[in-house]
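Residue-level structure breakdown
In case you want the letters, here they are:
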Amino acid sequence: LPSLVRLDADSPPDPTHDGRLVHLSGPLRASGLVDPEWGLQRQGVLRLRRSAEVYQWREERTETSQRVSEREVRREVTHRYRRTWGRVPVDSSRFEAPHGHHNPEPVLPVGDTTF
């Protein structure tokens, strides 16, 4: 590759290399990372990934249709509730039958975060 710039570990950054492919070799040093929400610290890492889920109620809606005559179709809607783990909080106040299926607001952030 004609536009490749090769550097050694002692080469200082050079603005003339901006926008070019640079090949650098040498020892890699990392001071570490901290997850501020959980207070988790890891030394000597380059990346820290947090994946947090919440155990919560989910509503499953099923609709069936049955033709009972030439002019009439009977529709039946059923709602089933089960608890599952998920990365996205579910608003249980919108359930058809919210009583007994309450999902509290998560105390800590839910989902994936990379530091």
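A brief look at the structure comes next. None of the values given here were measured: they were computed from a predicted structure.

**A word on the side chain of Asp-35**
- With respect to the secondary-structure elements, Asp-35 resides in strand S3 (residues 33–35).
- A polar contact of 2.8 Å, which involves the side chain of Asp-35, links it to the side chain of Arg-50.
- Discounting residues that sit within four places of it in the chain, Asp-35 has contacts with Leu-40, Leu-48, Arg-50 and Phe-115.

**Concerning the pattern of salt bridges**
- This model, assessed by the stated rule, comprises eight salt bridges.
- Here Arg-50 makes a salt bridge to Asp-35, at a shortest N to O gap of 2.8 Å. Of this pair, Arg-50 sits in strand S5 (residues 49–52) while Asp-35 sits in strand S3; the two residues are 15 residues apart in sequence, bridging distant segments of the chain.
- Judged by its relative accessible area of 11%, Arg-50 falls in the buried class.
- Using a relative accessible area of 2% as the deciding quantity, one classes Asp-35 as buried.
- Via salt bridges that share partners, Arg-49, Glu-53, Arg-87 and Asp-112 belong to a single interconnected network.

Reading the values: the criteria
Numbers given to residues run from 1 along each chain, matching the order in which its sequence is written. Selection of residues for local features in this predicted model requires a pLDDT of at least 70, selection of side-chain atom pairs for listing and counting requires 80 or more, and totals for whole chains, interfaces and linings are taken over all residues. As a rule here, side-chain values come from all non-hydrogen atoms in the structure, and water together with hydrogens is ignored. Strands are runs of DSSP state E lasting at least 2 residues, helices are runs of H or I lasting at least 4, and numbering of each runs from the N terminus. Each polar contact in these results corresponds to two N or O atoms within 3.5 Å; when the atoms are within protein, one needs to be able to donate a hydrogen and the other to accept it, and residues that are neighboring in sequence are counted only if both atoms are side-chain atoms. Here, two residues are considered to be in contact whenever any of their heavy atoms come within 4.5 Å of each other. Basic side-chain nitrogens of Lys or Arg form a salt bridge, by our definition, when they fall within 4 Å of a carboxyl oxygen of Asp or Glu. Three exposure classes are used, based on accessible area relative to the maximum for each residue type with a 1.4 Å probe and protein chains only: buried under 20%, partly exposed in between, and exposed over 50%.

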